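One-letter residues, chain by chain:
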Amino acid sequence: MLAVEEPQAFARTVAGFLTGFDAWLTPTTSEPPAPLGEITSTPREPLRAAERGRRTVAYPLLVANITGNPAMSVPLWWNVDGLPIGAHFLGRYGDEATLFRLAAQLEAARPSAGRRPHVHSLRHGAGPGCEQEDHQRRERPRLRRHGAP
């Protein structure tokens, strides 16, 4: 029973804390993004990912996972290395609409939709031609359902 009661009690505490606030703003992580492969376990170090990753996620994203509150991370800043720095917003339980409105306002004030760091999931290689490959991937026609126009 404690496995159910404790998270529910915590959710009620968070709900009380957020009364009177639209959202709780914190950093998404406690440090800039780690280099690829740094937060990875190996056979020799099976707990490496947990140990390395633990210090980056000590913020309300864990609260949202426990309570079910809506939350979003928005890349509002970029560091000197061209990597996104996120702002994390935790909303009131059941109030996703406020976060959607806030996201629209933030995107209008500080557009990030077309901005990409120099290393991102759309890039498959390095060097000349990558940008062309990325452009070609984005320009592919969409698949249609059978019988759809």
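Look above for the structure.
This write-up is about the structure you can find in this document. (Residues numbered from 1 in each chain as written. Predicted model: local features only at pLDDT ≥ 70, side-chain atom pairs only at ≥ 80, totals over all residues. Heavy atoms only, no water.)

The full count for this structure, using the stated rule, is 4 salt bridges. When the shortest N-O distance is used, the salt bridge between R92 and D22 registers 3.4 Å. Of this pair, R92 sits in the loop between β3 (84-91) and α4 (96-109) while D22 is found in the loop between α1 (2-18) and β1 (23-27), placing the two residues 70 residues apart along the sequence. Relative accessible area serves as the criterion here: at 27%, R92 is assigned to the partly exposed category. The salt bridge partner of R52 is E38, with a shortest N-O separation of 2.5 Å. Of this pair, R52 sits in helix α2 (residues 48-54) while E38 sits in the loop between β1 and α2, placing them 14 residues apart in sequence. One continuous salt-bridge network, built from bridges that share partners, spans D22, R92 and D95. (Salt bridge = Lys/Arg side-chain N within 4 Å of Asp/Glu carboxyl O. Helix = DSSP H or I, 4+ residues; strand = E, 2+ residues; numbered from the N terminus. Buried < 20%, exposed > 50% of the residue type's maximum accessible area, 1.4 Å probe, protein only.)

Attention now goes to α4. For α4, which comprises 14 residues, the first-to-last C-alpha distance of 20 Å matches the rise-based estimate of 20 Å (1.5 Å per residue) to within 8%. Among the residues of α4, T98, L99, L102 and L106 are the ones counted as buried. An end-on view of α4 places all buried positions within 95° of arc, on one side of the element. Exposed residues on α4 whose side chains face more than 90 degrees from its buried face are F100 and A108. Among the structural elements, β1, β2 (71-78) and β3 are those in contact with the buried residues of α4. (Expected span 1.5 Å × (residues − 1). Arc of directions from axis to C-beta. Contact = heavy atoms within 4.5 Å.)

Now for the layout of surface pockets. A volume near 300 Å³ is recorded for the largest pocket. For the largest pocket, the lining is made up of 16 residues, of which T28, T29, P33, P84 and G86 are closest to its centre. Secondary structure elements with two or more residues in the lining of the largest pocket: β2 and β3. (1 Å grid on protein atoms, 1.4 Å probe; cavity = no way out; pocket = protein on both sides within 12 Å on 5 of 7 lines; lining within 4 Å. Points joined across faces, edges and corners; volume = space filled by probe spheres on them.)

Let's shift gears to the nonpolar core. Listed in full, the 8 residues of the largest apolar core are M72, V74, L76, A87, F89, L99, L102 and L106. Listed by contribution, the elements that provide at least two residues to this core are β2, β3 and α4. If you look at the next biggest cluster of nonpolar residues, it comprises 5 residues, including V14, L18, A64 and L90. (Core = buried A, V, L, I, M, F, W, Y, C linked by side-chain atoms within 4.5 Å.)

Looking now at the environment of A23. You can see A23 is positioned in strand β1. Taking the C-alpha atoms as reference points, A23 and P70, 47 residues apart in sequence, are found 9.6 Å from one another. Each residue touching A23, except ones within four places of it in the same chain, is listed here: F89, L90 and L99.

A full pass over the atoms with the stated rule returns 2 aromatic pairs. Ring centres of F17 and W24 lie 5.2 Å apart, and the angle between their planes is 65°; this geometry places the pair in the edge-to-face category. An aromatic cluster is defined as three or more aromatic residues linked by ring pairs; in this entry it consists of F17, F21 and W24. (Phe/Tyr/Trp six-rings, centres within 6.5 Å; stacked < 30°, edge-to-face > 60°.)

Taken by themselves, the reported measurements are silent on function.
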